[in-house]
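For reference, the chains in residue letters:
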Amino acid sequence: MEHNDVGSIRIADEVVGIIAGLAATEVSGVAGMSGGLVGGIAEMLGKKNFSKGVKVEVGEREAAVDLYIIVEYGVRIPEVALTVQENVKRAIESMTGLDVVEVNIHIQGVGFGQEGKDEDIRVR
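Source: prediction; values computed, not measured. Numbers given to residues run from 1 along each chain, matching the order in which its sequence is written. Owing to the predicted nature of the model, reporting of local features is limited to residues with pLDDT of at least 70; listing and counting of side-chain atom pairs is limited to 80 or more, with chain, interface and lining totals taken over all residues. Here the side-chain values reflect all heavy atoms present in the structure, with hydrogen atoms and water set aside.

1. Considering the side chain of Asp66
- Each helix is a run of DSSP H or I of at least 4 residues and each strand a run of E of at least 2, with the numbering of both proceeding from the N terminus. Its location among the elements puts Asp66 in strand S6 (residues 62–72).
- Summary of buried charges: Asp66 has no salt-bridge partner, and the nearest side chain of opposite charge, Lys55, is 4.5 Å away.
- A 3.5 Å cut-off defines polar contacts: any pair of N or O atoms within that distance qualifies, except that in protein one atom must be a possible hydrogen donor and the other a possible acceptor, and neighbouring residues in sequence count only when both atoms are side-chain atoms. For Asp66, the side chain forms a polar contact with the side chain of His106, separated by 2.7 Å.
- Whether two residues are in contact is decided by their heavy atoms, any of which lying within 4.5 Å being enough. Those residues in contact with Asp66 that lie beyond four places of it in its chain are Gly53, Val54, Lys55, Asn104 and His106. Between buried and exposed lies partly exposed: a residue is buried under 20% and exposed over 50% of the maximum accessible area for its type, with that area taken using a 1.4 Å probe on protein chains only. Only four residue types enter the charge count, namely Lys and Arg as positive and Asp and Glu as negative; His and the chain termini do not. Whenever a carboxyl oxygen of Asp or Glu lies within 4 Å of a side-chain nitrogen of Lys or Arg, that contact is scored as a salt bridge.

This is the structure we're talking about:
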């Protein structure tokens, strides 16, 4: 929470989660966010669920983020993950002023095909 002469500013965890989700899904090679595993298959969330697949902890001056993502088949996962980490950190810090101390990436699955990126697709 930030205090100034007028009052205080508190950014909700959900807001930081939305920023993180948007920044992650902008990265080339990210098929989408994962809502968890259902029967051994990662559930891919539609593009409108920006804060789903994101877990954040927000303190007074710092934030830590865990992202559960599905990558596109054929990408170099370490490179995509690093780009996601950098993009998410930059977006949160520039929009909120919080210091992002961790961006942990959890690869939950691999997306096959491009049909309907806005819809759920089956992931192995």
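2. Digging into the confidence of the model for the protein
- Per-residue confidence from the prediction method is given by pLDDT, with values spanning 0 to 100. Mean pLDDT for the protein: 85, with 76% of residues reaching 70 or above.
- Averaged pLDDT values for the elements of the protein fall to 62 in strand S4 (residues 41–44) and rise to 98 in helix H2 (residues 77–96).

3. Quick notes on helix H1 (residues 13–25)
- In this model H1 runs 18 Å from its N-terminal to its C-terminal C-alpha over 13 residues, within 8% of the 18 Å that 1.5 Å per residue would give.
- Where H1 is concerned, the buried positions are Val16, Gly17, Ile19, Ala20, Gly21, Ala23, Ala24 and Thr25. In this scheme, a helix's expected span is set at 1.5 Å multiplied by one less than its residue total.

4. Digging into the environment of Val100
- Considering the arrangement of structural elements, one finds Val100 in strand S7 (residues 99–111).
- Between the alpha carbons of Val100 and Val88 there is a distance of 8.9 Å; along the sequence they are 12 residues apart.
- When neighbours within four sequence positions are excluded, Val100 is seen to be in contact with Ala63, Lys89, Ile92 and Glu93.

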